[in-house]
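# Examining the three-dimensional arrangement
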Amino acid sequence: MNADTDTIAAIDRGALAALRSREEADFAARTPKSRAWLAAARSSMPNGVPVAWMAGLYRHNAIVAAGGKGAVFRDIDGNRYCDFNVCDLAMTMGYGPKPIVEAVARAVATGAHFLLPVEDTKAVTEELARRVGLPAWQFTLSASAANTEVIRIARFITGRSKILVFDGQYHGHIEESLVTDHGAGTVPLQLGLSASAARETVIVPFNDLAAAEAALQTNAIALVITEPALTNCLLVEPKPGFLEGLRALSRQYGSLLCLDEAHTFQFAYGGLLGSRKLACDFVTLGKGLGTGISFALYGMTREIADVMERHLDIDIGPKGLATGGTTYGSAIAVAAAKAALEEVLTPEGYARIDRLGGMLADGLEAVFSKHGLDWRAFRMGPRSGYCLKRHLPENAAEASTSIDTEMIDARRAFMANRGVWDAVASAGPQVSFAHDAGDIARYVELADAFLGAIVR
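This one's a predicted model, so the numbers in the text were calculated from it and none came from an experiment. (Residues numbered from 1 in each chain as written. Predicted model: local features only at pLDDT ≥ 70, side-chain atom pairs only at ≥ 80, totals over all residues. Heavy atoms only, no water.)

## A few points about the overall build of the chain
Across its full length, the chain holds 18 helices and 15 strands. Its C-alpha atoms give the chain a radius of gyration of 22 Å, near enough to 23 Å, the size a compact globule of 456 residues would have. Dimensions of the chain, computed from C-alpha atoms along their principal axes, come out at roughly 65 × 55 × 45 Å. (Helix = DSSP H or I, 4+ residues; strand = E, 2+ residues; numbered from the N terminus. Rg over C-alpha atoms; globule rule 2.2 N^0.38 Å.)

Dropping the structure here:
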């Protein structure tokens, strides 16, 4: 995917190609131990990694992490990186945060899991209910699993099978959301997926209530699911009234509405749902709320909770709702969630990263102006990034014009060689709870140097 001609005109493509070649060579020279380790590891793992994404997210060679502290991690070659990708929002608390380390250590020492609730589970779910506004909660192991269960519950309640999503979405590695519309219908986005499952999903543009209503009018949609702001195609904010209108339409046509806050819960205290006083039937939270521990949750209305209670999945007896998993709701997950909510994800903590996110966005826009670029910085709490147009996007098609992969790849290598780990191509630099003002200044300084080397 490449940016449009406005961006191409601003960038010296020859200088960009030369810089990218030079920086990737330098990066390879700085990481010989990682490259050797990965080559040897291919004997036991495809591409030398335990999860394919660890090789596929980067165009340069992957590296092997050796540990981290605060906002910085290091690789086995001894290189240090101030992290602005934060493990795609799974590590927004930084590396080795004391509250999480201590809470999880206690849980491991006294019993990691029992397939029974522990006392602190009630404290976690009550606090989430208070912040977010939905009263009842269930744990899973990932946001993908949470969205899967939400889809199943919605299908049972409505008696319908289809779901409605928005172009540019990502709701996890599940059959229903790994889809795209080629004009003749919805088809799998990747290999190994079911074509029949893909046909159960309808895709419309974000911020387009008319298109959403046209899909809902078929009375076939069980669930409407969306992020309150799209975060997997850079950043697309909702137009004023869009999410409220979507709620009204879902009610009008008998569908249920889920807001996926796996990412956006990190953007504001209570997520966008709680901070903006939005209404929905379900919400999904993931990434271990940024702790790095694998867990997720979904919240629901009292009416939906009552349905779950009446249709419990039990080993012997009538069929129940297909929810649950052996490792869900572990004592480790509960301990991490409680420590995160009480000691890190506080109003003061969110206010701090909001200020730092504003500093990052302001700094990037100052750099753009310095280099004569009519660009904008994305800004939503701690999230920022590079909008290569003068107007922020309203949908995924518009956002795609800012995903200049050649420039992003070059910038990632350039930053890494100077001690900064930049975001994946579809996201943007993210401030963590471990960053400070000096980290923001360093990122902006390097963005300035990078653009200075490639702008005409």
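There's more to say after this.
## With respect to the sheet that holds strand S3 (residues 80-83)
Read from one edge to the other, the open sheet built from 4 strands follows the order S1-S2-S3-S15, with strand pairing classed as mixed. Strands with a single pairing partner mark the edges of an open sheet, and in this sheet they are strand S1 (65-69) and strand S15 (420-421). For S1 and strand S2 (residues 72-75), the ladder comprises 4 bridges, and the chain directions are antiparallel. The residue bridging Gly68 from the neighbouring strand is Phe73, located in S2. (Pairing = 2+ DSSP bridges.)

## Here we look at the sheet that holds strand S12 (residues 296-300)
Taken together, the 7 strands give an open sheet; going across it, the order is S4-S12-S11-S10-S9-S5-S8, and neighbouring strands pair in mixed fashion. The open sheet terminates on both sides in strands that have one partner only, identified here as strand S4 (136-140) and strand S8 (201-204). Each strand of the sheet is rotated relative to its neighbour by a mean of 20°, with strand direction disregarded. Pairing geometry for strand S5 (residues 162-166) and strand S9 (residues 221-226), over 3 bridges, is parallel. (Axes fitted to C-alpha atoms, helices over the stretch in contact; angles between N-to-C directions.)

## Some details on the packing of helix H8 (residues 143-158) against helix H13 (residues 302-310)
Their axes nearest at 11 Å, the elements H8 and H13 cross at an angle of 90°. Compared by their axis directions, H8 and H13 come out roughly perpendicular. Along the contact surface, H8 presents Ile153, Phe156 and Ile157, while H13 presents Ile304, Val307 and Met308. Looking at the contact of H8 with H13, its residues break down into 6 nonpolar, no polar and no charged. (Parallel < 35°, antiparallel > 145°, perpendicular 65-115°, else oblique. Contact = heavy atoms within 4.5 Å. Nonpolar A, V, L, I, M, F, W, Y, C, P; charged D, E, K, R; others polar.)

## Structural notes on the layout of surface pockets
Estimates place the volume of the second largest pocket at around 870 Å³. Lining of the second largest pocket is provided by 27 residues; of these, Gln138, Phe139, Leu312, Thr323 and Gly324 occupy positions nearest its centre. Among the elements of the structure, helix H7 (120-132), S4 and H13 are those that each provide at least two residues to the lining of the second largest pocket. When the residues that make up the lining of the second largest pocket are grouped by side-chain class, the tally is 14 nonpolar, 9 polar and 4 charged. (1 Å grid on protein atoms, 1.4 Å probe; cavity = no way out; pocket = protein on both sides within 12 Å on 5 of 7 lines; lining within 4 Å. Points joined across faces, edges and corners; volume = space filled by probe spheres on them.)

## Considering the environment of Ile157
Here Ile157 lies in helix H8. Residues within four places of Ile157 in sequence aside, it is in contact with Leu256, Ile304 and Val307.

## Comments concerning the pattern of salt bridges
With the rule as written, the count across this model stands at 22 salt bridges. In this structure, the salt-bridge partner of Asp404 is Arg13, at a minimum N-O distance of 2.5 Å. Note that Asp404 is positioned in the loop between helix H16 (396-400) and helix H17 (405-416) and Arg13 in helix H2 (residues 13-30), a separation of 391 residues in sequence. Between Asp281 and Arg247 there is a salt bridge, with its nearest N and O atoms 2.7 Å apart. Note that Asp281 is positioned in the loop between helix H12 (271-275) and strand S11 (282-285) and Arg247 in helix H11 (residues 242-252), a separation of 34 residues in sequence. Classification of Asp281 by relative accessible area gives buried; the value is 9%. The network of salt bridges with common partners includes Arg20, Glu24, Arg59 and Asp409. (Salt bridge = Lys/Arg side-chain N within 4 Å of Asp/Glu carboxyl O. Buried < 20%, exposed > 50% of the residue type's maximum accessible area, 1.4 Å probe, protein only.)

## Considering empty space enclosed by the protein
Over the atoms rolls a probe the size of a water molecule, and in doing so it shows where empty space is left. One pass over the structure, following the stated rule, counts 2 cavities of 30 Å³ or more. Each pocket or cavity is described by its volume, and for the largest cavity that value is around 90 Å³. Together, 13 residues line the largest cavity, and Leu234, Tyr386, Ile408, Arg411 and Ala427 are the ones closest to its centre. The set of elements that each furnish at least two residues to the lining of the largest cavity consists of strand S14 (383-387) and H17. No other element matches H17, which puts 3 residues into the lining of the largest cavity. Split into classes, the residues belonging to the lining of the largest cavity amount to 9 nonpolar, 3 polar and 1 charged. Of the volumes computed, that of the second largest cavity is approximately 30 Å³. The residue inventory of the lining of the second largest cavity, partitioned by class, reads 3 nonpolar, 3 polar and 2 charged.

## Remarks on the packing of aromatic side chains
What the rule picks out here adds up to 16 aromatic pairs. With centroids separated by 6.1 Å and ring planes inclined at 45°, the aromatic side chains of Phe139 and Phe295 adopt a geometry described as tilted. Taken together, the residues span a long stretch of sequence, with Phe139 in strand S4 and Phe295 in the loop between S11 and S12 at a distance of 156 residues. No difference in accessibility class separates Phe139 from Phe295, as the two residues are buried. Relative to Phe242, the ring of Phe166 has its centre 5.7 Å away and its plane inclined at 80°; by these criteria the two rings are edge-to-face. With Phe166 in strand S5 and Phe242 in helix H11, this pair connects stretches of sequence that are 76 residues apart. The residues Phe166 and Phe242 share a single accessibility class, namely buried. Pairwise contacts between aromatic rings join Tyr58, Phe73, Tyr81, Tyr95 and Trp421 into one cluster. Above the plane of the ring of Tyr386 lies Arg411, whose end atom (NZ or CZ) is 3.9 Å from the centre. (Phe/Tyr/Trp six-rings, centres within 6.5 Å; stacked < 30°, edge-to-face > 60°. Lys NZ or Arg CZ within 6 Å of the ring centre and 35° of its normal.)

## Side note on the nonpolar core
Formed by 91 residues in total, the largest nonpolar core has its most connected members in Leu345, Tyr443, Phe450, Leu451 and Ile454. Looking at this core element by element, the count peaks at 10 residues for helix H14 (residues 331-344). Beyond its immediate chain neighbours, meaning those up to four positions away, Leu451 contacts Val367, Phe368, His371, Leu373 and Trp375. Grouped together as the second largest cluster of nonpolar side chains are 25 residues, Val179, Ile225, Phe282 and Met308 included. (Core = buried A, V, L, I, M, F, W, Y, C linked by side-chain atoms within 4.5 Å.)

## Section: the state of the cysteines
Going through the model one piece at a time under the given rule, you end up with 0 disulfides. Free cysteine: Cys82, not disulfide-bonded; nearest cysteine sulfur from Cys87 at 15 Å. For Cys82, a relative accessible area of 8% corresponds to the buried category. Looking at the unpaired Cys280, the closest cysteine sulfur is the one in Cys258, lying at 6.8 Å. (Disulfide = S-S within 2.5 Å.)

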